[in-house]
Structures are given as structure tokens and as C-alpha cells.
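Breakdown of the fold
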Amino acid sequence: MDDRLALMDQGSFLGLRALGHQPWTFFTWVYDRPVDLEALQRFNEALADTLLGRLVQRSPLPGGRHRWVAVDAVPPLEVEQVPRSRDEIHDWTDELGDRGVDPEHGPGWRIGVLPLTDGGTAVAMVSPHALGDGLCKLDAIADAVKGVARRPAYRPRGARPWRELLWSDLVTFVRELPAVARAVIAGIAVARAESAGSAPASSPTPQRESAALPPVEAASFHPAAACVRVTRADWEAAAARLGGTSNTLVSAFAARLAQRFGRTDADGRVALAVPVSVRVEGDTRANALDSVTVHADPRGLDRDLTGLRAATKTALRERAERPHDMLAVLPLVPITPPVVVRRAEQLAMGSTSSPVGCSNHGRLDPAIMRIDGAAPVDFWVRSAEPGQTAAELDRLGGKLYVLAGGALDAVYLSVIAHPVGGGLDRPELHDHVAATLTDFGLTPSFVTQ
């Protein structure tokens, strides 16, 4: 069994260490009743047998490939003692995330339980991107509910002697040198292309080397966020009426919302950065993602989605025909210094004018709704990046990110927004989201206040 991290996964881990932050995924279930704590504990323990039940062990060789090891302890459920109102659920999940998760030192996930003042319960789970992309984590939740053990039989941390690991990694490093040489050539071409297409960026803020960084802990800064649901029947009817699909309507919503925030290029178009899952059956990668950029004209999307649908198909076809250029430089990941990782973030963000993240998990496995044996009354997924400061977001040109999915006969939309300079609060973001959905004849119901 090969227990080494895939190059994409090692890149995600090294990016976290170099930057000090990366997206974390939050899952929230809300009930009109007390939750079954015993069943929830069984679910929590079952997560250790899924792809979330592993942590990163660094290679003893500088520039070597890191390994997965079995999680050494299941994080305890964190049951709050003081009930809160439903309006405080979002703030409570932020607080849960601020307690920290870490893909190397653990915990790899946290599950919190919040009694509500009206007799209901909220359950939230948070995990870092380095341990899994959104679909990886959703699959892990479904596996834990179903009792499916998908995690390979990784060894415990420290099971192999240091000298044995060092020799093994040295042999592998030498064997992969030709691939590294080819990646250097590809990297030079990518760097030249990126430099030609973007203005010079400011020098990155000096930071400690990755080996000296402690487990990532979150900061108190949280950009404006909103979570909203629309009934599935209304959503699909609107998509059909406008000549699109459910997925296209998510992109259209993101583009129209971006227009309201002025995130358009000189031609009035919005650059949608759309993740594309490349996960296959039996895949054990934490992050099995590629991406495409779809240039959408937000004007007229409330009347016709056929142009956006065609543009999306074209972008996906071109990705399939010509793999992303950055994949060619993946063999360089293990030997990339932290300062280069930080520079790469600037290049990635600077290569597209005001990119807008737009991710769609599609319709979720119903098992995800049964973590305590029965369905909740509400569920949503959102992304956040604890530890990223307002100054960093301003330097990167602000942020707008839309995450969608389907559960409980509804489509949920989670939005994060931070215009350069800040000044946007949650009620104002709610107004923008509601007005954008109204453009498409849709009536939202907010799950956060």
C-alpha cells in the first residue's frame, strides 16, 4: 500500500503551512428536538474509518513526500452547556471553528452540539481542506452513517523507524528526479505566462519556514457570510424556464451577485472559478480537484441561461482536452519553499481579474441527513478561511465565494463576501443575496440571521 500523500494533497498541506490558513468546511444540521447523543457519538467514532480518519506525517527527508497515518484518537463531542437561540447558530459555528483543527497534529475534525432555547438542537462539524475537499468530506459523512470503512489500513504514527523512512524517501526522491526536471521546465513556462498576464505583485510578508509553524489556529476576523435556501421545485422550475440546468442557475446567481459587487472586467464580464471534481471510484486522495474559469456576462442571465450553459460546456470540454497547466508542475510540490508558495497564491489570484468562486456539490446523499438516525429540519454546508485577515483579502482584491448543494428538498446557497476595504455586514449581504434571487423570480429563506 502506498501511504504517501498525492502531490495535490501535499501541496494543500504545504500551502496551509506557508500561508497560515486555508478553507475549512463547515456542516450544520438543525433539529426541532434534542439530538440522540449516543447515535451521534457512534457516528463520530465511525468517521475514524473513513478518509477523514487520517493525519499527515512529515517526511524526515527535506523535500520528501509526506505520508498518511491513522488518526490516533477520535475527537470528543463538544456539547455546549448554555442554550442559544437559532439566530446565534452561525456565530456559534464560527466559534467552533476558531477552536482550531489541524491535518497534522489533530484534531482532524470537530463536532459540536448546541442546545437551542426553543428545545431544538444544532450540530456542526468542521474540518480543514487539507484532509479532504467538499465531496471527500461529504462521502466520509455518508460512509460513517452507513458503516462503510473506506480508509486504507494506514500505520499508526511512529510505527516505522525514522531511519527506515529516511532511506525509503531518499530512494523515492532519486527515482523521481526525471519527473522533477520535466516539472522545472513546465514551471518556467507557466511562470512566464502568468507574469506576462498580470501586474507585478507586492512582496509577500515574511513568515517563518513551514517546519517551524505550529498547528494552525484561527483568528477572530470573519467576512460577511449568508446561508439561504430555496425550495428545490422552485429552483428547478426557474432553471428550466430560463433554458438552463440547476448547476447553470448556481453559476448565474454567482455572476449576478458579483455584478452587484462590481467584480467585473472591462467588458462587464464575471470570471467564475469553478472547481471540477476528478474523483473516481475507490479514490483515496483528499483533494481530487481541477478547475475551470467560465467568463459570464451577467446582463440578461435573468432572462436566458443558454449562453452561460454553452460557455460552461466549452470550458469543461477544453479542460478535458488540455489538462490544467499547473498539473504539470506538481512534481515540484515537495521541494517548493514556503516563500514560493506564498508567491504562487498572488500569481493565482492575480491571473484573473476579481475571480468569483462558484462551487456546487449537487444533490447530496440522503444518508448525510441521518447522523443521529433521523433527519434534521435544516442542513447546509459553508466554507470559511479562519486565520485569513482583512488585510490579506484586500491585497488579493477582496473575495466573493458561492457554495451550493441540494438537501431536504431544497437548494442551499452559502455566500462569503468581502469587498476591498471591508464595510459589508451580514444584513447588507442578505439584502444583496435576496435581491439577486428575486432577479430570477425566487424567494429565499435565510438560515442565518
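Reference entry: report on the structure contained in this document. What you see is a predicted model; the values in this text were computed from it and never measured.

1. Considering the packing of aromatic side chains
Under the defined criterion, the tally for this structure stands at three aromatic pairs. With a centroid separation of 5.3 Å and an interplanar angle of 55°, the aromatic rings of W29 and F379 are classed as tilted. Linking W29 in strand β1 (residues 24-31) with F379 in strand β11 (residues 378-384), this pair joins segments that are 350 residues apart in sequence. The exposure class of W29 is buried, given its relative accessible area of 0%. Taken together, F27, W29, F379 and Y412 form an aromatic cluster joined through their ring pairs. R54 extends its terminal NZ or CZ atom over the ring of W68, reaching a point 4.0 Å from the ring centre.

2. Points about the environment of G11
Relative to the helices and strands, G11 resides in helix α1 (residues 7-19). Distance from G11 to N287, taken between C-alpha atoms, is 9.8 Å for residues 276 residues apart in sequence.

3. Details of the sheet that holds β11
Within the open sheet, the five strands sit side by side as β4-β5-β6-β1-β11. Their pairing is mixed. The open sheet has two edge strands with one neighbour each: β4 (78-79) and β11. Of the strands in this sheet, β4, β5 (110-115) and β6 (121-128) are in contact with helix α2 (residues 37-46), which crosses β5 at around 165°. Packed onto the sheet, helix α4 (residues 134-146) meets β1, β6 and β11 and runs at close to 40° relative to β1.

4. Considerations on the packing of helix α7 (residues 232-241) against helix α8 (residues 246-260)
It is at 9 Å that the axes of α7 and α8 come closest, and there the two elements cross at 85°. Overall, the two elements α7 and α8 adopt an arrangement that is roughly perpendicular. Here W235, A238 and A239 of α7 come into contact with α8, specifically with S246, L249 and V250. Here the contact of α7 with α8 is built from residues that sort into five nonpolar, one polar and no charged.

5. A few points about a nonpolar patch on the surface
Residues W167, L170, V171 and V174 make up a contiguous nonpolar surface patch of about 390 Å² in total accessible area. Relative to the helices and strands, L170 resides in helix α5 (residues 162-175).

6. Concerning unusual backbone geometry
The residue after G106, namely P107, is reached through a cis peptide bond having omega -5°. Along the chain, P107 turns up in the loop between α3 (89-98) and β5. The phi dihedral of L408 falls on the positive side, at around 55°, and the residue is not glycine. Residue placement: L408 occurs in the loop between β12 (399-407) and β13 (410-418). Classification of L408 by relative accessible area gives partly exposed; the value is 32%.

7. Describing the sheet that holds strand β8 (residues 270-277)
Reading across from one edge, β9-β8-β10-β12-β13-β7-β14 is the order of the seven strands in this open sheet, with mixed pairing throughout. Each edge of the open sheet is held by one strand with a lone partner, namely β9 (289-296) and β14 (445-446).

8. Observations concerning the nonpolar core
By size, the foremost hydrophobic cluster in this structure holds 59 residues, and its most contacted members are W29, V123, M125, I368 and F379. Sort the elements by how many residues they give to this core and β1 lands first, with six residues. If we ignore the near neighbours within four places in the chain, the residues touching W29 are T121, A122, V123, M125, I141, I368, M369, I371, P376, D378 and F379. Membership of the second largest hydrophobic core comes to 42 residues, among which are V250, A254, V402 and V433.

About the criteria used
- Residues numbered from 1 in each chain as written.
- Predicted model: local features only at pLDDT ≥ 70, side-chain atom pairs only at ≥ 80, totals over all residues.
- Heavy atoms only, no water.
- Phe/Tyr/Trp six-rings, centres within 6.5 Å; stacked < 30°, edge-to-face > 60°.
- Helix = DSSP H or I, 4+ residues; strand = E, 2+ residues; numbered from the N terminus.
- Buried < 20%, exposed > 50% of the residue type's maximum accessible area, 1.4 Å probe, protein only.
- Lys NZ or Arg CZ within 6 Å of the ring centre and 35° of its normal.
- Pairing = 2+ DSSP bridges.
- Contact = heavy atoms within 4.5 Å.
- Axes fitted to C-alpha atoms, helices over the stretch in contact; angles between N-to-C directions.
- Parallel < 35°, antiparallel > 145°, perpendicular 65-115°, else oblique.
- Nonpolar A, V, L, I, M, F, W, Y, C, P; charged D, E, K, R; others polar.
- Patch = residues over 30% accessible without salt bridge, like charges linked within 9 Å, V, L, I, M, F, W, Y side chains within 5 Å.
- Areas by Shrake-Rupley, 256 points an atom, 1.4 Å probe, with all protein chains shown as cover.
- Salt bridge = Lys/Arg side-chain N within 4 Å of Asp/Glu carboxyl O.
- Core = buried A, V, L, I, M, F, W, Y, C linked by side-chain atoms within 4.5 Å.

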